Structure formats: structure tokens, C-alpha cells
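Reading the structure
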2 protein chains.
Amino acid sequence: MPATYDHPRAALTVDCAVFGLDDDGLKVLLIQRGIEPFAGRWALPGGFVHLDETLEQAALRELREETGLERVFLEQLYTFGDPGRDPRERVVTVAYYALVRLGDHTVQAATDARSVAWFATDDLPALAFDHDAILAAALNRLQAKVRYQPIGFELLPPKFSLTQLQRLYETVLERPLDKRNFRKKALALGILQELDEVEQDVAHRAARLYRFDEAAYRQKLADGFNFEL
Amino acid sequence: MPATYDHPRAALTVDCAVFGLDDDGLKVLLIQRGIEPFAGRWALPGGFVHLDETLEQAALRELREETGLERVFLEQLYTFGDPGRDPRERVVTVAYYALVRLGDHTVQAATDARSVAWFATDDLPALAFDHDAILAAALNRLQAKVRYQPIGFELLPPKFSLTQLQRLYETVLERPLDKRNFRKKALALGILQELDEVEQDVAHRAARLYRFDEAAYRQKLADGFNFEL
DNA sequence: AAATATAGTGTCAATACAACACTAAGTCAA
DNA sequence: TTGACTTAGTGTTGTATTGACACTATATTT
């Protein structure tokens, strides 16, 4: 169904910076482009926005189609639209960032031949388009946001130890934290539910497990509580 | 020059929430729509993005064309793109917010007949499209941002008293601040330049005037200084 | 039983924060 | 000119928060 307009229009896409955490640190999900421009280069997953879906729906759909991911934490980041960011024509992209629990999902390449892989955020290949700038912005946002909103839990398994939580913060903030101070503060937030379970299969004293208490979080959020860590 | 595409495309616009400050409090600049849809309703200034300009350039151009404002502080806010937010067709808008010194500029209606006016942010008329949601987001952002970045100076004249500065913060944050504590903190930021001038034409002891020291600000920003007030 | 590896815990000093009230300096009007 | 008025300007103190710091507990492995 061809469409005709008085004036040429920009194309509109969404792109997602998807972060995951494993023992090696912070990872980002990239797909390898199969077609020009930038064929063979790695890029953020994304694609064109359909006319009948919201921007967020478009981002979730592209994630599902291109990587198999579903039910991730997703938030709008920034809109990139400089002329020339796509060599073919004017393309404006609404960038999102997403957080996933690495254990939960195994990513898979989409139906077409493009491959999907996790890359360490501190050792990235050259990216297509201006995706390096988008990714840098996403990392900045993640770092800023994690300070005052407990979004980091989205990167951890549902049950986690305080040590895992601390490693997460140390990884994202890129600085070491004092163990005792961290534990005091984390527990003082009042949004961790202590479980009657401990780690399994570790070659040392097992750590107690906690769960993120979303109900308590919502309650405190409504009361204007400050979640700075 | 008509353009034809395989698939229909969303239209792309920018909208600006422009804030100013006067003795009555925080104001926002609105224009009255001349045409349908929402003819006669007040709306945020904005318009279509041209293919050869950046999003920010589009926002600045629309501001100039519709309100006569130039050289304002401008920052991207969020992109609103739900289907149905414009009754005619799919329109995605990249929203910006801007801060201006009310004394500096007199706004004027654009060449066409639409009128322009400042409205108190706490007493707004019904707005066109989803502009009430955009404006609410802009106010939230301003409030959050002013806490940790000294952007408030953009709302004040170049030379201002500490009392004016405090009134600004009290207005934006919507709570009273302690005079002595505020002055201590504000001066401790090290980004205020004390001038050898005082207020003129006031019916009481005149206050010393200060200027925002941008050089010092940049310096401290680079050093990772924390500008929380 | 010893070695190893991580879990888990409290104190103290320094700093930051919040509460609080009076004097100083100018204008204006009687 | 003096008194009333209005806003400018200034320090201290108690409280809360932060950051630095080291050892014991508990499990596994050899």
C-alpha cells in the first residue's frame, strides 16, 4: 500500500540497548547486520515503528522478533535524529534501554540469518550507525538511575544474596563499595525480603537469599521515600 | 515535491514546554491554535521537523517562528508517540523543555494570527492533543533536574540577588527553604560570582547582586562535583 | 583436622544537615 | 529628623548520615 505525502518524511525506528549481568560484568546484546548499510557490523536490535503500535510496543516487538526476549524491563532513553545518522535517508530513532536477567533467557537469532550475542560493555566492537553514541547514553542513564531507583534488581535472579547485589552495584557504578556499609544501607531501604533459603552448591559458607519486595517498594515510592544507595 | 513510500509513515514533530519565572511564580508559554483539530485551544509551541535539520534545530526554529524566542536553554525531554494522540493521523512528537529569562524577551505572536501568552503552571487551561501530559512531564523533569544541576540560573536575569535565587528554588520545588541554610549552600557551590553591585530602586536595604560563574561551573562539573541544593 | 573461601557483623570519628532569631541598612512618611 | 517599615545578612548547636575499618562464623574440600 503505497503512501504519498506533500513533503518527504523521516523514517521512524526504535533501538534497544539491552543489558545483562554475569560473572564477568555488564553485557549488552547486539545483533549482526545482514544487509547494507553496515552489513556484517554489530548493531543494537531495533527496527521500524508500525503505525498501529506505541513506541514501547514497537521496541518490545523488535526485541522479541530479533532476539527472542520477552517481558523485560524497558524504559525510553532518548531520541536520536541527526540528519546523516543513516546514510540512506533521514531516520529518527527512539532509543530504549532494557534490563534482563541473564539466566532467565537464552537469546536466539531471529528467523533470518543474523546472529545475536552478548558483548562486555567495556570491550565493544565498532557499531553500525550512531549506535555507539546511543549505547554510551544508555550506560550513562543506567549508572545515574541505579543511584536513586532500585532498578538493578531487574538484572539479578529473583532470589539473590547481598553479595550478588553488591557486585551488581559495583559493576554498574564502576567502583568498589564497602561491604558492611553496603549491607546496612541495602537492608535499610526496606525493600528486601529475607528468605529462609541459602545459596546451593557453593564451596564455602552459603549466603542467605533475599527477594526484591515489590509491594514494599511501591508503598515506599508512593510515600516519597528516597532510594539512594 | 510529493514523496511516495511503500508503507505509510508517521509524521514527526517537535513540541516545546517553555518556562519562565516572574513574581507570581512559574509560567509556561502557550500558543492558541488557529486551525483544526483543537482550533482555539491552547497548545505547546511546536511543528514539523524538516528533513535537513536536527531535532534540536527544529525545536529552536519553531520557537523562533511561533514565539519570537531565541537563544534559550533547551533540552530534550521525552518522545510521545501513542497512536491516537493526534486525531488526524499518526504523529510522533519529540518534546523539549526550555528555560528563558522573562525580562530578556517579549514574546510575540507569529506572522499568522495565533496568539501567544504566558500561563501560570498551577492554573492552566485545557490543552490540545496530549500536551497536558507533556507539560506535566516537563514540570517533573525541571523539578528533578534543578536538584542536582544548576539550570535554574537560566530563569533568572544575569545579575540576581540570593533572595531571588532562593525564591526560584522555592517556586520550582514547591516548598519553603531556610534562608541561612540556603545561602550557605548556594555560596558553597562555588559557582556564584559576587559583584560590586546592589539592587536598584527598592524600598528597603538593597541586596548584593551575584552572577552565575559559568567558567567555575564547567571546571567543577569536569571534576565530578555534586551540585545538589 | 586443617586449609580455604566467603558470609556476616559493630564502632567511632568526621561530615553534613536542619532548626532557629536577631541586627544591619536602606526607604518612606509624618 | 526621627520613627516605622521592609528586606538583607549573619552563626551556633544538636542530630543524622557517612565512611573507614578487621575480625569471627560457617560451610566445603582435601
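Residues numbered from 1 in each chain as written. Chains lettered and ligands numbered in written order. Predicted model: local features only at pLDDT ≥ 70, side-chain atom pairs only at ≥ 80, totals over all residues. Heavy atoms only, no water.

The next subject is the packing of aromatic side chains. Residue and element names in this part refer to chain A. For the coordinates displayed, the defined rule picks out 21 aromatic pairs over all chains. In textbook terms, an aromatic cluster arises when at least three aromatic residues are bridged by ring pairs, as seen for Phe153, Phe160, Phe212, Tyr217, Phe225 and Phe227. A cation over an aromatic ring shows up here: Lys220 above the ring of Phe225, its NZ or CZ 4.8 Å from the ring centre. (Phe/Tyr/Trp six-rings, centres within 6.5 Å; stacked < 30°, edge-to-face > 60°. Lys NZ or Arg CZ within 6 Å of the ring centre and 35° of its normal.)

Between the two copies, chain A and chain B, the superposition gives an RMSD of 0.1 Å; the rotation angle is 180 degrees and the shift along the axis is 0.0 Å. What we have between these two chains is a two-fold relation. Across chain A, the smallest distance between a C-alpha and the rotation axis is recorded for Thr4 of chain A, namely 2.2 Å. When the interface residues of chain A are mapped onto chain B, 100% of them again fall at the interface, so both copies present the same face. (Least-squares fit on C-alpha atoms with pLDDT ≥ 70 in both. Contact = heavy atoms within 4.5 Å.)

All names here are of chain B. Mapped onto the fold, Ala186 is located in helix α4 (residues 179–188). We classify Ala186 as buried; its relative accessible area is 1%. Separated by 21 residues in the primary sequence, Ala186 and Leu165 have C-alpha atoms spaced 8.8 Å apart. Among all residues touching Ala186, those that are not within four sequence positions of it are Leu165, Leu192 and Leu229. (Helix = DSSP H or I, 4+ residues; strand = E, 2+ residues; numbered from the N terminus. Buried < 20%, exposed > 50% of the residue type's maximum accessible area, 1.4 Å probe, protein only.)

If you check the shell around DNA strand D, you find 19 residues, and the closest are Arg205 of chain A together with Thr163, Lys179, Arg183 and Arg208 of chain B. Of all atoms in DNA strand D that approach within 4 Å of the protein, 40% are sugar or phosphate atoms. The contact in question runs from a base nitrogen of DNA strand D to an N or O atom on the side chain of Arg180 of chain A, over 3.1 Å. Each residue belonging to the surface near DNA strand D can be placed in one class, and the counts come to 4 nonpolar, 4 polar and 11 charged. (Near = heavy atom within 4 Å. Polar contact = N/O pair within 3.5 Å; in protein donor to acceptor, adjacent residues only side chain to side chain. Nonpolar A, V, L, I, M, F, W, Y, C, P; charged D, E, K, R; others polar.)

Another point: the pairing of strand β3 (residues 25–32) of chain B. In regular strands, side chains alternate between the two faces of the sheet. Residue and element names in this part refer to chain B. Along β3, 7 of the 8 residues are buried, which leaves the element largely enclosed by surrounding structure. Relative to β3, strand β2 (residues 11–22) runs antiparallel, the two being bridged by 4 bridges. Opposite Phe19, over in β3, you have Val28 as the bridge partner. Linking two consecutive strands that pair antiparallel, namely β2 and β3, is a turn of 2 residues. Sheet topology places β3 next to strand β8 (residues 116–120); 5 bridges connect them, and they run antiparallel. The residue bridging Leu30 from the neighbouring strand is Ala117, located in β8. (Pairing = 2+ DSSP bridges.)

Next up on the list: the sheet that holds strand β10 (residues 192–198) of chain A. All names here are of chain A. The strand order β9-β11-β10 describes an open sheet built from 3 strands, whose pairing is antiparallel. One side of each edge strand has no neighbouring strand; the edge strands of this open sheet are β9 (159–160) and β10. Of the pairings in the sheet, the one linking β9 to strand β11 (residues 208–212) comprises 2 bridges and is antiparallel in character. Its bridge partner lying in β11, Lys159 is registered against Arg211.

Below, the discussion takes up the confidence of the model for chain A. With 96% of its residues at a pLDDT of 70 or more, chain A has an overall mean of 94. This complex was scored by the predictor with a pTM of 0.95 and an ipTM of 0.94. (pLDDT = per-residue confidence, 0-100.)

Take the protein's contact with DNA strand C next. Around DNA strand C sit 19 residues, and of these Thr163, Lys179, Arg183 and Arg208 of chain A together with Asn181 of chain B come closest. Backbone sugar and phosphate groups make up 40% of those atoms of DNA strand C lying within 4 Å of the protein. Contact between DNA strand C and Arg205 of chain A: a base nitrogen at 3.3 Å from a side-chain N or O atom of the residue. Its residues assigned to classes, the surface near DNA strand C comprises 4 nonpolar, 4 polar and 11 charged.

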